[in-house]
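The lines below spell out each chain.
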2 protein chains.
Amino acid sequence: MVIERLYIVKIGGNIIDDEGYLKSFLNDFSRIKNKKILVHGGGKTATEVSRSLGIEPKLSDGRRITDKETLKVVTMVYAGLVNKNICAHLQSLGCNAIGLTGADANIIPAVKRKAGEIDFGFAGDIDSNKINSQILNLFLEHWLVPVIAPITHDEKGSLLNTNSDTIASETAAALSDLYETALIYAFEKEGVLNKNETVISQITSEDYRELLENKIIKDGMLPKLSNAFKALHKGVSSVTICHYSDVKDIINHGKTSGTKIIS
Amino acid sequence: MVIERLYIVKIGGNIIDDEGYLKSFLNDFSRIKNKKILVHGGGKTATEVSRSLGIEPKLSDGRRITDKETLKVVTMVYAGLVNKNICAHLQSLGCNAIGLTGADANIIPAVKRKAGEIDFGFAGDIDSNKINSQILNLFLEHWLVPVIAPITHDEKGSLLNTNSDTIASETAAALSDLYETALIYAFEKEGVLNKNETVISQITSEDYRELLENKIIKDGMLPKLSNAFKALHKGVSSVTICHYSDVKDIINHGKTSGTKIIS
């Protein structure tokens, strides 16, 4: 039996912050012929809205703390402003987008991260086994295109801020029983870059260890790669990290671009 | 053939603004055994967020003008903060809520109101014939509970601010081919009140004309009643205007409360 392919594409903040980039990407995304899911991050708007409302972002070791007021802001910006504008734009391109948080149809229940040395506040951790793949598949079977905001819920009435890279990889993993899942992290660079700023065309788990040891990989790329390997171990068929403008050609024309992650 | 009953309940701003009222109502709503849809209005939070962001609400004859910045705020507050918190709370009560705007799955396409003497800005007018009842029914058939925010879209990429009373009545009308639809406007009063502040138990279209002539009905009640009669003419089976705490008993125990609108 041939299993149908499903693309899970995640776009980051730098694309969302630039209207031109975003529209260009959404135009490309709308033309992907396969079944597909879009996961989006936040972008700077949340920080801007926070500041305008007099809420200073709280960070610990560079990681955001989601207190009660910050949760309100990210819910407004991610689940409201960003998610619904993406959906409206996709609809104008004939792509039947449906914007979702983890609370909607209970697609992604999460667990509030326990306070350790750091209390991250209303931050949610998720697990592919808990993701409601049947409902997501109901949408996919009716050619709806889920657009998922990085907000989940604890099933006790509270929303939770959740890393969008993780939402993408765990959702891809959850749907791997039903589809051949291809996970794509799209961002503003050409892929994972080497010391000399050239694209590394593929990374195995051995390469990954080496790159880590040599401190070539850092910052935002660390969780992406960690999520990528986790996804492969959980049955995701392929993971690619690439420039947002290459997504369409990779999917529709089999172009080899960006960095392929191999388990 | 017996047609299944569907309840469309609309709650207004005064309920949303009070956490106690809202939780009490959602608790009741979650216990309604029939298929159901919740439509919510905005509440004062949008005005508060607007002011905090330095955007003064613009009104013309008491009616809100939705300029570009105000559209951002209502999208954040209605589609994000209010809608997603309602969904998370309903999920905690075992009610499988799915939060939607008109842009999601294209359920409610709208037309931007043409500028006449007043330019209402990004305000959307809707028509039951354009509402995507098939997709709403797909959700209902899978026992999902649509929670609809008062935001629609123009199919050209722009979101539009839309009256929630109208969303409730037009959605009820759109689903009247598939269900016996009962529309309930729930708010903080006991029903439509007479001069002496007692509840008018039923209003026919003749009564309505009289009440209008005698100026007993005014302000927020005018569009509700106008929508109610329109809904009945479009096939909605019953319209009730009642106190939010009576909704459960009206539905589950056939209690006679509030004002019944009769065509």
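Residues numbered from 1 in each chain as written. Chains lettered and ligands numbered in written order. Predicted model: local features only at pLDDT ≥ 70, side-chain atom pairs only at ≥ 80, totals over all residues. Heavy atoms only, no water.

Engineer: Sorry, what's going on with the overall build of chain A here?
Structural biologist: Broken down by element type, chain A carries 9 helices and 14 strands. Dimensions of chain A, computed from C-alpha atoms along their principal axes, come out at roughly 45 × 45 × 35 Å. Taken over 263 residues, chain A has a buried fraction of 59%. Sequence separation of 24 or more characterises 72% of the internal contacts of chain A that already satisfy a separation of 6 or more. Separation of charge centres in chain A, based on 31 positive and 32 negative side chains, amounts to 2 Å. (Helix = DSSP H or I, 4+ residues; strand = E, 2+ residues; numbered from the N terminus. Buried < 20%, exposed > 50% of the residue type's maximum accessible area, 1.4 Å probe, protein only. Contact = heavy atoms within 4.5 Å. Lys, Arg positive; Asp, Glu negative; His and termini not counted. Charge placed at Lys NZ, Arg CZ, Asp CG, Glu CD.)

Engineer: Mind showing me how you'd approach the confidence of the model for chain A here?
Structural biologist: Reading predicted coordinates in detail is not appropriate for stretches of low pLDDT. Of all residues in chain A, 99% attain a pLDDT of 70 or more, and the chain-wide mean is 94. Listed scores for the predicted complex are pTM 0.97 and ipTM 0.96. (pLDDT = per-residue confidence, 0-100.)

Engineer: Where do I start with the pairing of strand β2 (residues 35-40) of chain B in this structure?
Structural biologist: Two faces, one strand: in a regular strand the side chains alternate between the faces of the sheet. Residue and element names in this part refer to chain B. With 6 of 6 residues buried, β2 lies mostly within the body of the structure. Burial along β2 is two-sided: the face carrying Lys35, Ile37 and Val39 and the face carrying Lys36, Leu38 and His40 are both buried. With 6 bridges connecting them, strand β1 (residues 5-11) and β2 associate as parallel partners. Looking at β2, one finds that Leu6 is bridged to Lys35. (Pairing = 2+ DSSP bridges.)

Engineer: Could you clarify how one ought to interpret helix α2 (residues 19-30) of chain B in this entry?
Structural biologist: Helical geometry note: an α-helix holds 3.6 residues per turn, so side chains three or four residues apart project in the same direction. Residue and element names in this part refer to chain B. Between its terminal C-alpha atoms α2 stretches 16 Å, which fits the 16 Å expected from 12 residues at 1.5 Å a residue. Of the positions making up α2, those classed as buried are Leu22, Phe25, Leu26, Asp28, Phe29 and Ser30. Of the surrounding secondary structure, the elements contacted by the buried residues of α2 are β1, α1 (13-16), β2, α4 (68-92), β8 (145-148) and α9 (247-253). With a side-chain oxygen lying 2.9 Å from the backbone nitrogen of Gly20, the N-terminal cap of α2 falls on Asp18. (Expected span 1.5 Å × (residues − 1). Polar contact = N/O pair within 3.5 Å; in protein donor to acceptor, adjacent residues only side chain to side chain.)

Engineer: I tried to follow the relation of the copies chain B and chain A on my own but got confused; where do I start?
Structural biologist: Copy one and copy two of the chain differ by a rotation about an axis and a translation along that axis. Aligned on chain A, chain B shows an RMSD of 0.0 Å; the corresponding rotation is 180° and the shift along the axis is 0.0 Å. These values place the two chain copies in the arrangement generated by a two-fold rotation axis. When the interface residues of chain B are mapped onto chain A, 100% of them again fall at the interface, so both copies present the same face. (Least-squares fit on C-alpha atoms with pLDDT ≥ 70 in both.)

Engineer: What am I meant to see in the nonpolar core here?
Structural biologist: The nonpolar side chains of a soluble globular protein tend to be buried with one another. Of all hydrophobic cores here, the largest spans 94 residues; its most connected members are Phe139(A) and Phe139(B). If you look at the next biggest cluster of nonpolar residues, it comprises 86 residues, including Ala149(A), Ile15(B), Leu90(B) and Ile250(B). (Core = buried A, V, L, I, M, F, W, Y, C linked by side-chain atoms within 4.5 Å.)

Engineer: Honestly, the packing of aromatic side chains in this entry has me stumped. Any pointers?
Structural biologist: How two aromatic rings sit relative to each other is set out by the distance from centre to centre and by the angle between their planes. According to the stated counting rule, one finds 7 aromatic pairs over all chains in the structure shown. Considering the side-chain rings of Tyr21(B) and Tyr244(B), the 5.2 Å spacing of their centres and the 40° angle between planes classify their relative orientation as tilted. Residue Tyr21(B) is found in helix α2, and its partner Tyr244(B) is found in the loop between β13 (238-243) and α9; the two are separated by 223 residues along the sequence. Above the plane of the ring of Trp143(A) lies Lys35(A), whose end atom (NZ or CZ) is 4.2 Å from the centre. (Phe/Tyr/Trp six-rings, centres within 6.5 Å; stacked < 30°, edge-to-face > 60°. Lys NZ or Arg CZ within 6 Å of the ring centre and 35° of its normal.)

Engineer: Looking at this structure, I do not really get the environment of Val39(A). What am I missing?
Structural biologist: Residues and elements named next belong to chain A. Mapping Val39 onto the fold places it in strand β2 (residues 35-40). Assessed through its relative accessible area of 0%, Val39 is described here as buried. Residues Val39 and Thr171, spaced 132 residues apart in sequence, show a C-alpha to C-alpha distance of 9.4 Å. Those residues in contact with Val39 that lie beyond four places of it in its chain are Ile8, Val9, Lys10, Ile11, Ile148, Ser164, Ile167 and Ala168.

Engineer: Help me understand the interface of chain B and chain A in this model?
Structural biologist: Note on interface size: it is often stated as the accessible area lost on association of the parts. Taken together, the contact between chain B and chain A spans 38 residues of the former and 38 residues of the latter. For the pair chain B and chain A, the summed buried surface comes to about 2,800 Å²; carbon and sulfur atoms form 72% of the total. In terms of surface lost to chain A, no three residues of chain B exceed Met76(B), Leu81(B) and Lys84(B), which account for 19% of the buried area on that side. On the surface where chain B and chain A come into contact, there are 2 salt bridges. Where Asp104(A) meets Lys84(B), a salt bridge forms, and the shortest distance between an N and an O atom there is 2.9 Å. (Buried area = accessible area lost by both parts, 1.4 Å probe. Salt bridge = Lys/Arg side-chain N within 4 Å of Asp/Glu carboxyl O.)

Engineer: Is there a simple way to explain the sheet that holds strand β14 (residues 259-262) of chain B in this structure?
Structural biologist: One key point about sheets: their strands pair by backbone hydrogen bonds, in either a parallel or an antiparallel sense. All names here are of chain B. Spatial strand order, β5-β8-β2-β1-β11-β13-β14-β12: 8 strands in an open sheet with mixed pairing. A strand with exactly one partner marks an edge of an open sheet, and here the two such strands are β5 (97-100) and β12 (202-204). Here the strands of the sheet are splayed against their neighbours by 20° on average, with no regard to which way each runs. Direction of pairing for β5 relative to β8: parallel, over a ladder of 4 bridges. Counted as the bridge partner of Ala97 is Val145 from β8. Contacts from α2 reach β1, β2 and β8, with the element oriented near 160° to β2. (Axes fitted to C-alpha atoms, helices over the stretch in contact; angles between N-to-C directions.)

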